[in-house]
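Summary of the model geometry
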Amino acid sequence: MFFHPMDFLIIIAFVLSLWAQYRVKGTFNEYANVPASSGMTGAEAARRMLDANGLTNVPVEHIPGTLTDHYDPLSRVVRLSDPVYFGNSISSLSVACHEVGHAIQHKVSYPMLVARHRIFPVVNFASGVAPLLLLAGFFLKMAGLLLLGIIFFSAAVAFQLITLPVEFNASSRAKKLMVQMGFIRNTEERDASKVLGAAALTYVAAALISVLELAKYIMIFRSEED
C-alpha cells in the first residue's frame, strides 16, 4: 500500500522536475546577461506587443521577486518581475512577451486556454478533496472512495495536460512577434527559444508526475477489485 512499482518512475520524474527547475533558473540567469539588440526593456516590449494586438486596455505592472511573472486573466493584467520589467536582456524580453502571449490567447479565445479557465473551479476543489478520498480509500479498504478520489485526481491531471499546449502556444506567439516587431534579430531567436524551452520543461515534468501518479492509483484500484 505504501510502496508500488510505479514509485520508481515517479521518483525519476520528480528528479526530472528538480532538474527542470534548476535549468529554468540557470538558463534565465545566463541570458539575463545577454542584452537584446533592440535595447528594449521587458516592460517596453510587453507594452508595444499588447498595443500592436489591440490590447491597449491591458496594463503592464511591476511585481516584486524573480520569475514571478504572470498574466492575470481575471484582472487582465500582465505582471512582470524585477529583472524582466526593468531588464533589457534576451531573458527579460522572452519572459515578458511570453506573458503577453497569454493575454493574446485570452483575447482570441484560444480553445485550450478557455478550457483551462472553465475547469479551474472544478480542479481547485478536486485538488483539495482528492488526497483525502484516496487516503480514506486506501486505509478503509473502500473501493468506492478510492474510485471517487481517482476521478477527482483525474480532473487535476487533465488541467495540467491542458496547460501544456497553452504554454507552448504562448511561447510560439512570443517568439514569432518578437522577431516580427524587431525586439530581437533572427540570430537571437535561438537564445530566446532556450529561455522559453527551459521554462516549458517544468510544466512537462509536473504533468508527467501527475500522469504517473494517476496510473499508480488506477493500478491499485484494479488490484483491490481483484
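None of the values given here were measured: they were computed from a predicted structure.

A complete count under the given rule lists five salt bridges for this structure. Across the pair Arg-79 and Glu-61 runs a salt bridge whose closest N-O atoms are separated by 3.2 Å. Placement of the pair is Arg-79 in strand 3 (residues 77–80) and Glu-61 in strand 1 (residues 60–62), with a sequence separation of 18 residues. Overall, the relative accessible area of 18% leaves Arg-79 in the buried class. Residue Asp-72 is joined to Arg-79 by a salt bridge in which the shortest nitrogen-to-oxygen separation is 2.9 Å. In this structure Asp-72 comes out as buried when scored by relative accessible area, which is 16%.

This part is about the layout of surface pockets. For the largest pocket, the calculated volume is near 680 Å³. In this structure, the largest pocket is lined by 25 residues; those nearest its centre are Asp-69, His-98, Glu-99, Glu-167 and Tyr-203. Where the lining of the largest pocket is concerned, the elements lending two or more residues are helix 1 (6–31), strand 2 (70–72), helix 4 (90–108), helix 5 (111–140), helix 6 (143–180) and helix 7 (189–225). Among the elements that line the lining of the largest pocket, the one with the most residues is helix 7, at six residues.

What follows concerns the nonpolar core. In terms of nonpolar packing, the biggest core is built from 30 residues, with Leu-50, Met-178 and Phe-183 touching the most fellow members. Put simply, the parts of the chain that give this core at least two residues each are helix 1, helix 2 (42–52), strand 3, helix 4, helix 6 and helix 7. Counting residues per element, this core draws most heavily on helix 4, which supplies eight residues. Counting residues in hydrophobic clusters, the runner-up holds eleven residues, among them Leu-146, Ile-150, Leu-214 and Tyr-217.

Quick look at the sheet that holds strand 2 now. The three strands lie next to each other as 1-3-2, forming an open sheet whose pairing is mixed. Sheet topology places strand 1 and strand 2 at the edges, where each strand pairs with a single neighbour. Adjacent strand axes in the sheet meet at a mean angle of 30 degrees when their direction is disregarded. Of the pairings in the sheet, the one linking strand 2 to strand 3 comprises three bridges and is antiparallel in character. Residue pairing for strand 3: His-70 is matched across the bridge by Arg-79. Contacts between helix 4 and the sheet are confined to strand 2 and strand 3, with strand 2 contributing the most and set at about 25 degrees to the helix.

Another point: the packing of helix 4 against helix 6. At their nearest, the axes of helix 4 and helix 6 sit 7 Å apart, and the two run at 115 degrees to each other. In this view, helix 4 runs roughly perpendicular relative to helix 6, as classed from their interaxial angle. In this structure, helix 4 meets helix 6 at a crossing whose hand is right-handed. Taken together, the residues of helix 6 that come into contact with helix 4 (itself represented by Leu-93, Ser-94, Cys-97, His-98, Gly-101, His-102, Ile-104, Gln-105 and Val-108) are Val-166, Glu-167, Asn-169, Ala-170, Ser-171, Arg-173, Ala-174, Leu-177 and Met-178. Residues belonging to the contact of helix 4 with helix 6 are distributed by class as follows: nine nonpolar, seven polar and two charged.

To continue, consider helix 1. Spanning 26 residues, helix 1 covers 37 Å between terminal C-alpha atoms, matching the ideal 38 Å at 1.5 Å per step. When helix 1 is considered as a whole, its buried residues turn out to be Met-6, Asp-7, Ile-10, Ala-13, Ser-17, Ala-20, Val-24, Thr-27, Phe-28 and Tyr-31.

The subject of this paragraph is the confidence of the model for the protein chain. Residues at a pLDDT of 70 or more form 98% of the protein chain, whose mean pLDDT is 92. Across the protein chain, element-level confidence peaks in strand 3 with a mean pLDDT of 98 and bottoms out in helix 5 with 90.

If you walk through the whole model with that rule in mind, you get five aromatic pairs. Ring geometry for Tyr-85 versus Phe-86: centroids 4.9 Å apart, planes at 65 degrees, classification edge-to-face. Relative to Tyr-217, the ring of Phe-153 lies with its centre 5.4 Å away and its plane at 80 degrees, an arrangement referred to as edge-to-face. Within this pair, whereas Phe-153 is found in helix 6, its partner Tyr-217 is found in helix 7, the two being separated by 64 residues in sequence.

Turning our attention to the packing of helix 1 against helix 4. Look at helix 1 against helix 4: their axes get within 6 Å of each other, and the N-to-C directions meet at 120 degrees. When the interaxial angle is binned, helix 1 and helix 4 end up oblique. Of the residues in helix 4, those touching helix 1 at Thr-27, Phe-28 and Tyr-31 are Ile-90, Ser-91 and Val-95. Tallied by class, the residues present in the contact of helix 1 with helix 4 amount to four nonpolar, two polar and no charged.

Reading guide: rules and limits
Residues numbered from 1 in each chain as written. Predicted model: local features only at pLDDT ≥ 70, side-chain atom pairs only at ≥ 80, totals over all residues. Heavy atoms only, no water. Salt bridge = Lys/Arg side-chain N within 4 Å of Asp/Glu carboxyl O. Helix = DSSP H or I, 4+ residues; strand = E, 2+ residues; numbered from the N terminus. Buried < 20%, exposed > 50% of the residue type's maximum accessible area, 1.4 Å probe, protein only. 1 Å grid on protein atoms, 1.4 Å probe; cavity = no way out; pocket = protein on both sides within 12 Å on 5 of 7 lines; lining within 4 Å. Points joined across faces, edges and corners; volume = space filled by probe spheres on them. Core = buried A, V, L, I, M, F, W, Y, C linked by side-chain atoms within 4.5 Å. Pairing = 2+ DSSP bridges. Axes fitted to C-alpha atoms, helices over the stretch in contact; angles between N-to-C directions. Contact = heavy atoms within 4.5 Å. Parallel < 35°, antiparallel > 145°, perpendicular 65-115°, else oblique. Left-handed = near helix turned anticlockwise from the far one by under 90°. Nonpolar A, V, L, I, M, F, W, Y, C, P; charged D, E, K, R; others polar. Expected span 1.5 Å × (residues − 1). pLDDT = per-residue confidence, 0-100. Phe/Tyr/Trp six-rings, centres within 6.5 Å; stacked < 30°, edge-to-face > 60°.

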